[in-house]
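Close look at the chain arrangement
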Amino acid sequence: ANEFGPLYRDAYLGFRDTPILNTVIFGFHKRPYSLDQLNSSNHTVFMERSLSSQAFNRDNRRLGISSNGVSEDLRFNWRYGVWAQQLTSGASGYVGDHYQGEIAGRLASTVWYDDSSGGRGYFHFGVSGSLGVPDGRLGNYFGRSAYYGRSVYATRPESQTSRPWYDTGPIPGAHSNGLIGFESVLNIGALQLVGEYMTAWVDRNENPFGPDVNFYGGYLQASYFLTGEHIPWNRRTGCLGRVKPFENFFCVCDCEGFVQRGLGAWQIAARYSYADFSSLDIDGGLGSALTLGLNWHW
């Protein structure tokens, strides 16, 4: 739940091995930009996602149709489709008479993958983007519906607060918007380095609303397993996989009365995020965050 009340998440139908389009998904599912958002919440290094990914792909999932594929050698994977920008998963459904459509896509490559070590070494690079038609008419926003369109960029800090700290508010006169993002991952054994940069722009009817505006943000993060494990990589989806500890965490007495123990997997991590949601007359705030983490996988 969030400020909209309870929301449903993944609700879709999928068809695999279709001609040309590969896997086709209809329904409420993730839009294909930002590795931070595409990673399952079960596999993320930090409890909360970064400032920029939460703002530029807020609540992530939308109603749409997409095609998802991967090359035979698993080197390339892609996602592209058409979505509604308006968040429709709450009780209100669609608000207004503007469907706020967008086209979006992501092309990613596992440039290097070390099969000989079971995937303990790999390098990933991806680029994503979107083009949309938001509703920028004055007077069309009321109450909480102001946050339903993509002419708003807002996020909490990297911890859950009751309301957003950074918020552009509805951008009057917005008639088109777009986004481009770059992402990269380098994993060498127990060490992983991740970086993302995203920039979004909103084109406005200059008279009387003002010139076009631009926002941007990104993050750098590093993590390391003290116990030697690594974060697996899913080459089919271009996302992080599930960590498997070398040994489970346990503490028991054996048949001879000796205590036997297992450590689980221990990981340390750090992330620096930066985002600027202010441009010309739009004052959405500027912020940075440093997050430190200690993860224990049982």
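Residues numbered from 1 in each chain as written. Predicted model: local features only at pLDDT ≥ 70, side-chain atom pairs only at ≥ 80, totals over all residues. Heavy atoms only, no water.

Grouped together as the largest cluster of nonpolar side chains are 20 residues, with contacts concentrated most on Phe56, Tyr153, Val202, Phe215 and Phe277. For this core, the secondary structure elements donating two or more residues are α2 (51-56), β9 (174-188), β10 (191-204), β11 (213-225), β16 (265-279) and β17 (282-297). Val194, Trp233, Leu240 and Val243 belong to the second largest nonpolar core, which has 15 residues in total. (Core = buried A, V, L, I, M, F, W, Y, C linked by side-chain atoms within 4.5 Å. Buried < 20%, exposed > 50% of the residue type's maximum accessible area, 1.4 Å probe, protein only. Helix = DSSP H or I, 4+ residues; strand = E, 2+ residues; numbered from the N terminus.)

A separate point is a nonpolar patch on the surface. Taken together, the side chains of Leu13, Phe15, Phe26, Ile65, Val82, Ile103 and Leu131 make up a nonpolar region of the molecular surface, amounting to roughly 660 Å² of accessible area. Within the secondary structure, phenylalanine 15 sits in strand β1 (residues 11-18). (Patch = residues over 30% accessible without salt bridge, like charges linked within 9 Å, V, L, I, M, F, W, Y side chains within 5 Å. Areas by Shrake-Rupley, 256 points an atom, 1.4 Å probe, with all protein chains shown as cover. Salt bridge = Lys/Arg side-chain N within 4 Å of Asp/Glu carboxyl O.)

Before going further, it helps to examine the packing of aromatic side chains. By convention here, two paired aromatic rings are described through the distance between centres and the angle between planes. Across all of its chains, the model carries 13 aromatic pairs by this definition. Between tyrosine 166 and phenylalanine 277, the aromatic rings sit 6.0 Å apart at their centres with planes inclined by 45°, giving tilted as the arrangement. One end of the pair, tyrosine 166, is in strand β8 (residues 166-167); the other, phenylalanine 277, is in strand β16, and 111 residues separate them in sequence. Each member of the pair, tyrosine 166 as well as phenylalanine 277, is classed as buried. Between phenylalanine 249 and tryptophan 298, the ring centres sit 4.9 Å apart and the planes meet at 45°, which makes this aromatic pair tilted. Of this pair, phenylalanine 249 sits in strand β14 (residues 249-253) while tryptophan 298 sits in the segment after β17, placing them 49 residues apart in sequence. You can call tryptophan 298 exposed: its relative accessible area is 59%. Cluster of aromatic residues (ring-pair linked, three or more members): Phe56, Tyr153, Tyr166, Phe215 and Phe277. Over the aromatic face of tyrosine 113 sits the side chain of arginine 235, whose NZ or CZ is 3.8 Å from the ring centroid. (Phe/Tyr/Trp six-rings, centres within 6.5 Å; stacked < 30°, edge-to-face > 60°. Lys NZ or Arg CZ within 6 Å of the ring centre and 35° of its normal.)

Turning our eyes to something else, we now look at the pairing of strand β4 (residues 76-84). Look at any regular strand and the pattern is simple: side chains alternate between the two faces of the sheet. The sheet contact formed by strand β3 (residues 61-70) and β4 spans seven bridges and is antiparallel. Paired with glycine 69 across the two strands is tryptophan 78, which belongs to β4. For β4 and strand β5 (residues 101-113), the ladder comprises nine bridges, and the chain directions are antiparallel. Within β5, the position partnered with alanine 84 by the bridge is glycine 101. (Pairing = 2+ DSSP bridges.)

Our next topic: the pattern of salt bridges. For the coordinates displayed, the defined rule picks out six salt bridges. Taking the shortest distance from any N to any O, the salt bridge between glutamate 102 and arginine 31 comes out at 2.8 Å. Remark: arginine 31 occurs in the loop between β2 (22-30) and α1 (35-38) and glutamate 102 occurs in strand β5; sequence separation between them is 71 residues. Owing to a relative accessible area of 0%, arginine 31 belongs among the buried residues under this scheme.

Before going further, it helps to examine the side chain of glutamate 229. Locating glutamate 229 in the fold gives a position in the loop between β11 and β12 (233-234). Buried within the structure, glutamate 229 lacks any salt-bridge partner; arginine 120 is the closest side chain of opposite charge, at an N-O distance of 7.1 Å. Of the polar contacts made by the side chain of glutamate 229, one reaches the side chain of threonine 227; its length is 2.4 Å. A distance of 2.9 Å separates the side chain of glutamate 229 from the backbone nitrogen of phenylalanine 246, its partner in a polar contact. Leaving out residues up to four positions away in the same chain, glutamate 229 has contacts with Arg120, Gly189, Ala190, Lys244, Pro245, Phe246, Gly264 and Ala265. (Lys, Arg positive; Asp, Glu negative; His and termini not counted. Polar contact = N/O pair within 3.5 Å; in protein donor to acceptor, adjacent residues only side chain to side chain. Contact = heavy atoms within 4.5 Å.)

Time to look at the environment of serine 109. One can find serine 109 in strand β5. On the basis of relative accessibility, which here comes to 10%, the residue serine 109 falls in the buried class. Spatially, the C-alpha atom of serine 109 lies 28 Å from that of tyrosine 153, the residues being 44 residues apart in sequence. Not counting chain neighbours up to four residues away, the residues in contact with serine 109 comprise Arg75, Phe76, Phe123, His124 and Phe125.

Mapping phenylalanine 258 onto the fold places it in the loop between β14 and β15 (259-263). Remark: the alpha-carbon pair of phenylalanine 258 and glycine 178, spanning 80 residues in sequence, is separated by 63 Å. Apart from the residues lying within four places of it in its own chain, the contact partners of phenylalanine 258 are Val252 and Cys253.

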